[in-house]
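# A closer look at the structure
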Amino acid sequence: MASEVRGVVATAKGAPVTVETVIVPDPGPGEVVVKVQACGVCHTDLHYREGAINDDFPFLLGHEAAGRVDTVGPDVTNVAPGDYVVLAWRAPCGRCRSCRRGRSWYCFDSANATQTMTLADGTPLSPALGIGAFVEKTLVAAGQAVKVDPAARPEAAGLIGCGVMAGFGAALNTGGVSRGDTVAVFGCGGVGDAAIAASAMAGARIVIAVDVDDRKLQWARDFGATDTVNSRETDPVEAVKALTGGFGVDVAIEAVGRPEVFLQAFYARDLAGTLVQVGVPSPTMTLEVPMIEFFGRGGALRPSWYGDCLPTRDFPILIDLYLSGRFDLDRFVSATIDIDHVEDAFAAMQRGDVLRSVVVL
Ligand SMILES: NC(=O)c1ccc[n+]([C@@H]2O[C@H](COP(=O)([O-])OP(=O)(O)OC[C@H]3O[C@@H](n4cnc5c(N)ncnc54)[C@H](O)[C@@H]3O)[C@@H](O)[C@H]2O)c1
Ligand SMILES: [Zn+2]
Ligand SMILES: [Zn+2]
């Protein structure tokens, strides 16, 4: 029988979110229902409620979640009821043109639940990033539920499902940061700090944190930044160059999602350096770069979708790093809140008070 649960819904562009009754169907073939235990508040949720992703309101928000598998539909073999899982917004299909070429971290046809969760009156909900997890139970494709070690507490483990994985992978998978590299990370929220931690772990010799908020810069140091630049007070391109012998960095990571920050990252690179764009722009933003600068500087401009991760490969690795004390996921959890306080969490995020508020269910 379908479940009636409470969930956080964005009903209209820019309107405060509300908690509504959500109808979750029983899982069909290839689907599972997951009892959500914790779900982080990511900036992408705010992008959804501002209408900056698309206009498919109403949205069921939340997508950084850990929980227990509740029920499974026919033909599900990768998980069973009771399994502890982190939800992924990429579940490679194995059949699209990218998967067939062995590049399943780009999968162009990632699996989501076939059935739809609805409001009590039957209005279909668009689940954020194909998940929707600020809700007591959610329906996803079985491949989106990735088993991890249950020793990792849900508040921390859930963060692997989006922001932390995106930042970690932006540095290591997309940017290819390795031993001896110089790195600058623009925007030190949950995503940027994960990129900083990953760069430090990979042996980068200089990791420069750039943000407009001194508190964020202090936290970035705790994740492994060797230097910090407040780009509201100092020209960040000049500052990054001054910290790298006048040359710029090997890898510049944009984790804000704004054209002016893209340009800072673009010009803060050394020759042949890589720019990784992990911040999500809104549909109206445009870029203008002198073509000779693009060509003459060489290197690569690389968007990073979900840190080019493979959830079944990468989630267990990050959880093991966490459980062995080498990756401090707990440091991302600034506050735990209940499901009625997501709007307050957006405000705290905008004020820069938190890295992650985590909804505990
Ligand atoms: N590509 C992906 O797969 C992916 C996944 C998750 C999140 N994201 C995106 O990454 C971005 C960051 O997400 P988050 O959750 O870390 O957000 P956040 O709000 O926690 O952090 C953003 C940070 O950027 C800083 N900032 C704002 N304006 C700035 C500027 N002009 N220059 C430098 N710093 C500035 C803020 O002070 C804050 O510290 C968002 O755009 C989000 O949508 C992308
Ligand atoms: Zn595919
Ligand atoms: Zn996210």
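Report follows, based on the coordinates. All values derive from a computational prediction rather than experimental measurement. (Residues numbered from 1 in each chain as written. Chains lettered and ligands numbered in written order. Predicted model: local features only at pLDDT ≥ 70, side-chain atom pairs only at ≥ 80, totals over all residues. Heavy atoms only, no water.)

The next subject is the coordination of the zinc ion (ligand 2). In the first shell of the zinc ion (ligand 2), the protein supplies Cys93 (SG), Cys96 (SG), Cys99 (SG) and Cys107 (SG), at 2.3 to 2.4 Å from the metal. Relative to the metal, the four donor atoms surrounding the zinc ion (ligand 2) lie at angles of 105 to 117°, and the coordination shape comes out tetrahedral. Donor residues binding the zinc ion (ligand 2) come from one chain and are separated in sequence as C-x2-C-x2-C-x7-C. As far as the burial class goes, Cys93 and Cys96 line up, both buried. (Donors = N, O, S within 2.8 Å, 3.2 Å for Na, K, Ca; no water. Tetrahedral: all angles 85-135°; square planar, octahedral: opposite > 155°, others 65-115°. Buried < 20%, exposed > 50% of the residue type's maximum accessible area, 1.4 Å probe, protein only.)

Looking now at the coordination of the zinc ion (ligand 3). Only Cys42 (SG), His63 (NE2) and Cys162 (SG) from the protein reach the zinc ion (ligand 3) as donors, at distances of 2.0 to 2.3 Å. Written as a sequence motif, the donor residues of the zinc ion (ligand 3) are C-x20-H-x98-C. Of this pair, Cys42 sits in the loop between strand E3 (31-40) and helix H1 (43-49) while His63 sits in the loop between strand E4 (59-60) and strand E5 (64-72), and the two are 21 residues apart along the sequence. Classification of His63 by relative accessible area gives buried; the value is 0%. (Helix = DSSP H or I, 4+ residues; strand = E, 2+ residues; numbered from the N terminus.)

Time to look at the site of ligand 1. Every one of the 27 residues lining ligand 1 counts as a neighbour, but His43, Thr44, Asp211, Val278 and Tyr306 are closest to it. One of the side-chain nitrogen or oxygen atoms of Thr44 is found 2.8 Å away from an oxygen atom of ligand 1. Protein chains shield 89% of the accessible area of ligand 1, which is 870 Å² for the free molecule. Counting residues per element, the ones that place at least two in the shell around ligand 1 are H1 and helix H5 (190-202). In terms of residue count, H1 provides more of the shell around ligand 1 than any other element does, three residues in total. In the shell around ligand 1, the residues fall into 15 nonpolar, nine polar and three charged. (Near = heavy atom within 4 Å. Polar contact = N/O pair within 3.5 Å; in protein donor to acceptor, adjacent residues only side chain to side chain. Areas by Shrake-Rupley, 256 points an atom, 1.4 Å probe, with all protein chains shown as cover. Nonpolar A, V, L, I, M, F, W, Y, C, P; charged D, E, K, R; others polar.)

Bringing helix H6 (residues 214-222) into the picture now. Within H6, burial applies to Lys216, Leu217 and Ala220. Buried residues along H6 cover an arc of 100° about the axis, so they all sit on one side. Between the side-chain oxygen at the start of H6 and the backbone nitrogen of Arg215 there is a gap of 2.9 Å, and the oxygen is on Asp213. Following H6 by one or two positions, Gly224 has its phi on the positive side, about 120°. (Arc of directions from axis to C-beta.)

Before going further, it helps to spend a moment on the packing of aromatic side chains. Counted under the stated rule, the structure contains 10 aromatic pairs. An aromatic cluster is defined as three or more aromatic residues linked by ring pairs; in this entry it consists of Phe168, Phe223, Phe327 and Phe332. (Phe/Tyr/Trp six-rings, centres within 6.5 Å; stacked < 30°, edge-to-face > 60°.)

As a further point, take the state of the cysteines. Tallied over the full model, the rule gives zero disulfides. This cysteine, Cys39, is not joined by any disulfide, and Cys42 carries the nearest cysteine sulfur, 9.3 Å off. (Disulfide = S-S within 2.5 Å.)

So, on to the sheet that holds strand E16 (residues 300-303). Taking strand neighbours across the sheet as the criterion, the six strands line up as E13-E12-E11-E14-E15-E16 in an open arrangement whose pairing is parallel. At either end of the open sheet lies a strand with only one pairing partner, and these are strand E13 (227-230) and E16. On average, adjacent strands in this sheet sit at an angle of 20° to one another, irrespective of strand direction. As paired strands, strand E15 (residues 269-277) and E16 are joined by four bridges and run parallel to one another. Bridge pairing in E16 links Gln277 to Pro303. Sitting on the sheet, H6 touches strand E12 (206-211) and E13, and the angle it makes with E13 is about 170°. (Pairing = 2+ DSSP bridges. Axes fitted to C-alpha atoms, helices over the stretch in contact; angles between N-to-C directions. Contact = heavy atoms within 4.5 Å.)

Quick look at helix H8 (residues 259-267) now. Along H8, the residues classified as buried are Pro259, Val261, Phe262, Gln264, Ala265 and Phe266. Buried residues along H8 sit against strand E11 (182-186), helix H7 (236-243), strand E14 (249-254), E15, helix H9 (291-297) and E16.

Across four bridges, the pairing between E12 and E13 is parallel. Looking at E13, one finds that Val210 is bridged to Val229. In this view, the connection linking E12 to its parallel neighbour E13 by way of H6 has right-handed handedness. (Right-handed = clockwise from strand over helix to strand, strands pointing away.)

By the criterion of burial, E3 is predominantly enclosed, with eight of the 10 residues buried. As defined by bridge partners, E3 adjoins strand E9 (residues 137-141) across five bridges and the pair is classed as antiparallel. Directly across from Glu31, in E9, lies its bridge partner Ala141. Both E3 and E5 contribute to a ladder of eight bridges, which runs antiparallel. When the sheet's bridge partners are listed, Ala38 is paired in E5 with Ala66. Here E3 pairs with strand E18 (residues 356-360) via three bridges, running antiparallel. Paired with Cys39 across the two strands is Val359, which belongs to E18.

The quantities given are spatial measurements derived from coordinates; they are silent on function.
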